[in-house]
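Summary of the model geometry
Listed below are the residues making up each chain.
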Amino acid sequence: MAEIERLMGEVNSFVWGPVMLFFLVGTGVYLTIRLKFLPWRNLAYAVGMIFEKKDNHKGDITPFQSLMTALSATIGTGNIVGVSTALVLGGPGALVWMWISAAFGLSTKYAESVLAVKYRETNSVGEMCGGPMYAMRNGFSNKALGSFLAGAFAIFAVISSFGIGNMTQANSIAAALKTSFALPTWMSGILLTALSLLVLVKGIKSIGKVSSILVPVMAVFYFCASIVVIVMNASAIPAGVAEIFRMAFAADAVAGGVGGAIVASMFQAMRWGVARGVFSNEAGLGSAPIAAAAAQTDHPSRQGYVNMTGTFFDTMIICMLTGLVVVCSGCLGQIDPATGKLLTGANLTIGAFSTVFGDYGKYIVSLSLALFAYTTILGWEYYGEKSLEYLVSSRAVLIAYRVLFSFITYIGATMTLSFVWDFSDTANGLMAIPNLICLVVLAKDVADECFDYQKNVIEADK
């Protein structure tokens, strides 16, 4: 078993290695240029579109609920644990590369969502079905290739939903609650199973309603707590920001006052910044557009702009706040007395918040982590269900999936399965391959929708 786990770990490292990251960011660069930088130029318009209701148009949930469902799946452990890990492995400069990857990720997320709405279908019970698998099947001129890639994407998405979207999140919740509140993991498992069943068995409308409440509340809570820490450590901001940009482009640098024990090259900063940024906002993986397809909208580009803001909020705001909190706190580069190694992950973030909130810092981080991870479970159930629906249209199977998915959270909360983590993480990365091919092949469709809709943007700006 140990040999299998080692092999799976190596495969996972390759899948999420430099080649994959190059294609993820490279596709974003290509789309940004192909769309004449309109996703960047129209970002303010996109943010303004979030709260517009389209009840008179086809769709299952409002554009806002669609965005919140997508954000529920993307704002997760990566925003807290992933960012802190990137700062240790890639240095403070990783934050700059996280931002750069997110900037091009705006175009990727926009394109994915446009195609999801353009090629969506209505199922037997009147619900919308869409995402990369439908775009590939309905949009490719080579139907055999489209169907093959669509099937591969759907299979990888179903696998990922149980691992990255469920068990790893449940495990993070249980660990956080045990550390901060001494709650036994079995109790966390029962609680998660009950809460998941309560929401998931009712389908996307229930997920959308819960996400539209939980996601804004948890985001505002974390935002406010982060701002307090940054303000209280304001004297360290100038040196911290200078160090962030210095180490982002230094050939080989040692962190100064914000982490003297951290040594990282520009390549390391780039690698870990891009990797954690993509892992957090999922731009290019093809998961978020599945939620976009459920939105009530009259034009693919309109929802494309709305869902595009998910990358902005997730990485450019939430991840950046975590990074600034850590960098300005003075905790980066410190040694953990318990292990004798550098503070990293959730412990580093807790240490940063504790510089201002004391013992309450661990409660703030643990509560945020639990909420972020729980909403990720909700969002990924929908992704997995719609991917399964593409493969098997039986309603009985889909209802059974909802129930099984809820009970799987108990296993995730109470067991540590490193093989499952690596296997599902690999499947998560493999989702990107057919999706990126789809984005490149159907780039003309995206551009046509983008340019056609631009008159609406111009009219709104008048």
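Use the structure listed above.
Report on the accompanying structure. Throughout, a residue's number is its position along its own chain's written sequence, starting from 1. Thresholds applied to this predicted model are a pLDDT of at least 70 for local features of residues and 80 or more for the giving and counting of side-chain atom pairs; totals over whole chains, interfaces and linings are not thresholded and use all residues. The side-chain figures draw on all heavy atoms in the structure; neither hydrogens nor water molecules are used.

What about the pattern of salt bridges?
Salt bridge, as applied in this entry: a Lys or Arg side-chain nitrogen positioned within 4 Å of an Asp or Glu carboxyl oxygen. Per the stated rule, a full pass over the model turns up 10 salt bridges. A salt bridge links Arg 246 to Glu 243; the nearest nitrogen and oxygen atoms lie 2.7 Å apart. You can see Arg 246 and its partner Glu 243 sitting in helix α12 (residues 237-248), 3 residues apart, about one turn around the helix. Only protein chains enter the accessibility calculation, which uses a 1.4 Å probe. A residue is then buried if its area is under 20% of the maximum for its type, exposed if over 50%, and partly exposed in between. Look at Glu 243 and you get buried, because its relative accessible area is 9%. A salt bridge links Arg 402 to Glu 385; the shortest N-O distance between them is 2.8 Å. Put simply, DSSP H or I for four residues or longer makes a helix, DSSP E for two residues or longer makes a strand, and each gets a number counted from the N terminus.

Points about the nonpolar core
Note on terminology: a nonpolar core comprises buried Ala, Val, Leu, Ile, Met, Phe, Trp, Tyr and Cys residues joined through side-chain atoms within 4.5 Å. Tyr 305 and Tyr 383 are the most contacted members of the largest nonpolar core, which has 129 residues in total. The element best represented in this core is helix α17 (residues 360-391), accounting for 14 residues.

Considerations on the side chain of Glu 385
Position of Glu 385 relative to the elements: it lies in helix α17. Note on definitions: a residue-residue contact is assigned when non-hydrogen atoms from the two residues lie within 4.5 Å. When neighbours within four sequence positions are excluded, Glu 385 is seen to be in contact with Leu 398, Tyr 401 and Arg 402.

Focus on the packing of aromatic side chains
A pair of aromatic rings is counted whenever rings of Phe, Tyr or Trp (Trp by its six-membered ring) have centres within 6.5 Å, and the orientation is called stacked for planes under 30 degrees apart, edge-to-face for over 60 and tilted otherwise. In the structure shown here, the tally under the stated rule is 18 aromatic pairs. Taking 5.3 Å as the distance between ring centres and 50 degrees as the angle between the ring planes, the aromatic pair formed by Trp 40 and Phe 104 counts as tilted. Of this pair, Trp 40 sits in helix α3 (residues 38-41) while Phe 104 sits in helix α7 (residues 94-118), placing them 64 residues apart in sequence. Aromatic side chains Phe 162 and Phe 405 sit 5.8 Å apart centroid to centroid with 40 degrees between the ring planes, which places their arrangement in the tilted category. In this pair, Phe 162 is assigned in helix α9 (residues 143-181) and Phe 405 in helix α18 (residues 395-414), connecting sequence segments 243 residues apart. Members of the aromatic cluster, each reached through a chain of ring pairs, are Tyr 45, Tyr 110, Tyr 305 and Tyr 453. Charge-over-ring contacts are defined here by two conditions on Lys NZ or Arg CZ: a distance within 6 Å of the ring centre and an angle within 35 degrees of the ring normal. One Lys or Arg, Lys 36, reaches over the ring of Phe 451 and ends 5.1 Å from the middle of that ring. Note that Lys 118 overlies the ring of Tyr 119, its terminal NZ or CZ placed 5.6 Å from the centroid.

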